[in-house]
Amino acid sequence: MTKLRLPWMLSATVMCFFLTGVGWTQSDDSQSDQASSTAGAPSNGQSSGQDNQPIQSLPPISGLDQPSLGPRFPTRSFLFPGAHVSEALDTNVGQTTGTSAINGVTRALGSLMLQKIGERYSTAIDYVGGVAFYTGISPDISQIEQFDAEQRIYWRSGALTLRDRFSYLPEGSFGYGAYGETGAYDLGLGGIGYVGGTIGQGLGGLFGVGDFASLGQAPRIDNLSVADVVQSLSARSSITMAGGYELVHFTNNSANFIDSNQITAQVGYDYQLSRKSQIALIYGFQDFQYPNIAGSSFNTQVVNVMYGYRISGRMDFLVGAGPQFTFIHNSPLFGGTSDRITASARAALRYRFPRTMIGVYFDRYDSSGSGYFAGAVSNVVRFSVSRPLTRMWSGTADIGYAYSSALQPSLTGPLPASTNSFQYVYAGAAVHRPLGEHFALFFSYQFNDISFNAESCSLAIECGSAPRNVVAVGLDWHPHPIRLD
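Computed from a predicted model, the values in this text were never measured in an experiment.

**Re the packing of aromatic side chains**
Turning to step 1, where the next piece is worked out: Counted under the stated rule, the structure contains ten aromatic pairs.
Turning to step 2, where the next piece is worked out: Here a set of aromatic residues connected by ring pairs shows up, and it is made of Phe-250, Phe-257, Tyr-372, Phe-373, Phe-422 and Phe-452.

Next up, the structure:
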């Protein structure tokens, strides 16, 4: 996040391998960095401190794009097809307590990425689709679909970006990418800006997926559409505006998971303090509706003050916090109307060493409830690292933890009313290497666990600890990128 890009376990090696091989490389400063930095920055920029050199604008931290610290996609138009197959052993594919059955999972996927760049626009489209075959469970076949699209329109002092992400997945997306394949559920080209389901910077999760756990096979449709504008006011200041709509619908919903619709808006003002640092004031609004729970909705208003520090191509640091006002408007059956004030916060640190890239992320905000609750306060922590291990092998690791507490009683849905929180943890690692010009091999392992503050739940869902281990091997195929210019 994306962030169009390759699966997260292959993006650092496979894409660089192919693009370098045909002479398509780019400097550390990404195209999006350059567009944000140069848009509308007057030539008579103000000075900083004691020197008289004009300040070069940084990408605004209130925007939705997360600047790249690593190699970027080329500034040429191209088409990039691919195919991915994997075989996995899963110790708890249904994610239930007390199970010891081992199931096999075979995945066969195809992907297609397009990047088209014009003088004042850029287009990025990414699609991945296929099937997963399971042994020992019913249904034994699941469909996998994900489509990402982005259209940017530039002018001298700013840019308009239109984005859409659609997915139909057999499980959730948080920590799911390493489940025995190439991380296909995180596919996307770098220009789209999606990272683990969350768009870039700004208020983070306000425009990201609010699904922080998955329990068993629960297919869902998730579609997020966002429009955002960045407009420079001077060499030091800029404003950003964004609005989006997301829907989550669970299909084959025998466990009675809670569907959700979400409207989100955000506006921010950024001021650059120096060549490397800036501050921002952001206001965000969210409205949550639950179609299968009559008379249940709430909205949230967030105000954050943010600080960002960036060393181009090496380090990116962001921290922000502020009050979060939640207004719950329900029928008396669900507790009636109630208001509360809590804190929202966001912090991110990314650092690129000569051979290693690390990232640490924290978010706290109101979320849709992940299908378990009609709204929740979510605290999410993630850590990721990637580095080459030898001349041919490279490795990645990703660890995440989410704790969500209900905003209102669970009088419907898959959990009993006494359940008011859940926690989910995952840890995954993978190693991979290219095999010739067009193939790449990977091995991966992932652990995850979900637990609720109740001993049992309704229907077939059990709420005790349900650990899961997945080991996998897979093969990816890509031809050389097809140049379109």
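**Focus: the confidence of the model for the chain**
Turning to step 1, where the next piece is worked out: Per-chain confidence: the chain averages 78 in pLDDT, with 73% of residues scoring 70 or above.
Turning to step 2, where the next piece is worked out: Mean pLDDT values over the elements of the chain span from 31, in strand 6 (residues 194-195), up to 95, in strand 11 (residues 277-289).
Turning to step 3, where the next piece is worked out: The low-confidence segment residues 1-54 (pLDDT under 50) makes 175 contacts with residues lying over four places distant or belonging to another chain.
Turning to step 4, where the next piece is worked out: Scored below 50 in pLDDT, residues 178-202 makes 158 contacts in the model with residues more than four places away or belonging to other chains.

**Some remarks on the nonpolar core**
Turning to step 1, where the next piece is worked out: Counting residues in hydrophobic clusters, the biggest one holds 28 residues, and the most contacted among them are Phe-174, Tyr-372, Phe-373 and Ile-450.
Turning to step 2, where the next piece is worked out: Setting aside anything within four residues of it in sequence, one finds Phe-174 in contact with Asp-211, Phe-212, Val-380, Arg-382, Gly-400, Tyr-401, Ala-402, Tyr-424 and Tyr-426.
Turning to step 3, where the next piece is worked out: Formed by eleven residues, the second largest nonpolar core is a distinct cluster that contains Val-105, Leu-109, Val-128 and Ala-472.

**Observations regarding the pairing of strand 11**
Turning to step 1, where the next piece is worked out: As paired elements, strand 10 (residues 260-272) and strand 11 share twelve bridges and run antiparallel to each other. Opposite Asp-270, over in strand 11, you have Ala-280 as the bridge partner.
Turning to step 2, where the next piece is worked out: The turn linking strand 10 back onto strand 11 is made up of four residues.
Turning to step 3, where the next piece is worked out: Looking at chain direction, strand 11 and strand 12 (residues 296-311) are connected through 13 bridges and run antiparallel. Its bridge partner being in strand 12, Gln-286 is matched across the sheet by Thr-300.

**Some remarks on the side chain of Glu-145**
Turning to step 1, where the next piece is worked out: Mapped onto the elements of the fold, Glu-145 is located in strand 4 (residues 141-155).
Turning to step 2, where the next piece is worked out: Nearest to the buried, unbridged Glu-145 among oppositely charged side chains is Arg-107, at 13 Å.

**Quick notes on the pattern of salt bridges**
Turning to step 1, where the next piece is worked out: According to the stated counting rule, one finds twelve salt bridges in the structure shown.
Turning to step 2, where the next piece is worked out: A salt bridge links Arg-468 to Glu-171, with the shortest nitrogen-to-oxygen separation between them at 2.7 Å. In this pair, Arg-468 sits in strand 20 (residues 468-477) while Glu-171 sits in the loop between strand 5 (158-169) and strand 6, placing the two residues 297 residues apart along the sequence.
Turning to step 3, where the next piece is worked out: Judged by its relative accessible area of 1%, Arg-468 is buried.
Turning to step 4, where the next piece is worked out: Residues Asp-363 and Arg-346 are paired through a salt bridge, measuring 2.7 Å at the closest nitrogen-oxygen approach. Taken together, the residues Asp-363 in strand 15 (residues 357-367) and Arg-346 in strand 14 (residues 338-352) connect sequence positions 17 residues apart.
Turning to step 5, where the next piece is worked out: Judged by its relative accessible area of 6%, Arg-346 is buried.
Turning to step 6, where the next piece is worked out: Within the structure, one salt-bridge network assembled from shared partners comprises Asp-65, Glu-150, Arg-152, Arg-163 and Asp-228.

**What about the environment of Arg-310?**
Turning to step 1, where the next piece is worked out: As for its position among the elements, Arg-310 is in strand 12.
Turning to step 2, where the next piece is worked out: Given a relative accessible area of 7%, Arg-310 falls into the buried group.

**Re the pairing of strand 16 (residues 376-388)**
Turning to step 1, where the next piece is worked out: Here strand 15 runs beside strand 16; their pairing, made up of eleven bridges, is antiparallel. Residue Tyr-365 lies in a different strand from strand 16, and its bridge partner there is Ser-378.
Turning to step 2, where the next piece is worked out: As judged from the 13 bridges shared by strand 16 and strand 17 (residues 394-406), these two strands associate in the antiparallel manner. Note on strand 17: the bridge partner recorded for Val-385 is Ala-397.
Turning to step 3, where the next piece is worked out: Counting the residues between successive antiparallel strands, the hairpin from strand 16 to strand 17 contains five residues.

The rules behind the values
Residues numbered from 1 in each chain as written. Predicted model: local features only at pLDDT ≥ 70, side-chain atom pairs only at ≥ 80, totals over all residues. Heavy atoms only, no water. Phe/Tyr/Trp six-rings, centres within 6.5 Å; stacked < 30°, edge-to-face > 60°. pLDDT = per-residue confidence, 0-100. Helix = DSSP H or I, 4+ residues; strand = E, 2+ residues; numbered from the N terminus. Contact = heavy atoms within 4.5 Å. Core = buried A, V, L, I, M, F, W, Y, C linked by side-chain atoms within 4.5 Å. Buried < 20%, exposed > 50% of the residue type's maximum accessible area, 1.4 Å probe, protein only. Pairing = 2+ DSSP bridges. Lys, Arg positive; Asp, Glu negative; His and termini not counted. Salt bridge = Lys/Arg side-chain N within 4 Å of Asp/Glu carboxyl O.

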